[in-house]
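Here is what each chain is made of, one letter per residue.
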Amino acid sequence: MRQADWAEEVARKLLEVPLPRRWAHSQGVARQAWTLAPVLGENADLLEAAAWLHDVGYSPDLVNTGLHSLDGARHLRDVQHADDVLCSLVAYHSCAINEAYERGLIVELTSEFKPAAPLLSDALTYCDMTTTPDGDLIEVEDRLAEIQSRYGAGHLVARSIRRSSPHIVGSVRAIERAQSEAPIS
């Protein structure tokens, strides 16, 4: 069984019924991940698995700290016994370190999980930040604006996204460059 197939089932169980919109988003993020196979080669399955699982920490069954990336990564590590790199991708996805700082959870995040390789991290950020909450494609700048609008300017998620925006846009542009340079099969 591919790691992505296992991840899809885990995400489905945690998100489909209680959070159908989050489930739709995760499906779209996984579709984006699948398109990056020519760029990632042997890591394509790992990225797709991370795409399925990146938001499982929003599941009502897993919410503990309020930092969905940390709650999800802990579940994957402690309950699912997932690969360390997969857990790290979920823990740090889309500049979660900035939200960890805002929530006072930076020590917990950085002591429990190590950042993943930059290419994989950029790829997951690309997939997440070019997918709407409903699972459709979107430009990164529009996605960032949507997040700001949804949470409101003073919300800690909005502050985190503002701080993260240059890095997020940089990650998306790096993956777009890698896609343009990838060999066509």
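Residues numbered from 1 in each chain as written. Predicted model: local features only at pLDDT ≥ 70, side-chain atom pairs only at ≥ 80, totals over all residues. Heavy atoms only, no water.

A.B. asks: Before we go on, may I ask you to explain the pattern of salt bridges in this structure?
C.D. replies: Proximity of charged atoms lets side chains of opposite charge pair with each other. Evaluation of the coordinates by the stated rule reveals 19 salt bridges. R143 serves as the salt-bridge partner of D128, at 3.5 Å between the closest nitrogen and oxygen. Taken together, the residues span a long stretch of sequence, with D128 in helix α9 (residues 118–129) and R143 in helix α10 (residues 140–151) at a distance of 15 residues. R143 shares its class with D128; the two are buried. A single salt-bridge network, built from bridges that share partners, covers R2, D5, D45 and E48. (Salt bridge = Lys/Arg side-chain N within 4 Å of Asp/Glu carboxyl O. Helix = DSSP H or I, 4+ residues; strand = E, 2+ residues; numbered from the N terminus. Buried < 20%, exposed > 50% of the residue type's maximum accessible area, 1.4 Å probe, protein only.)

A.B. asks: Help me understand the nonpolar core in this model?
C.D. replies: Where a protein is soluble and globular, its nonpolar side chains tend to be buried together. Judged by nonpolar contacts, the single largest core of 54 residues is most densely connected at L36, L47, W52, L53, F113 and M129. Looking at which element gives the most residues to this core, the answer is helix α4 (residues 44–53), with eight residues. For L47, the residues in contact, after removing those within four places along its chain, are A33, L36, L40, L120, A123, L124 and C127. (Core = buried A, V, L, I, M, F, W, Y, C linked by side-chain atoms within 4.5 Å. Contact = heavy atoms within 4.5 Å.)

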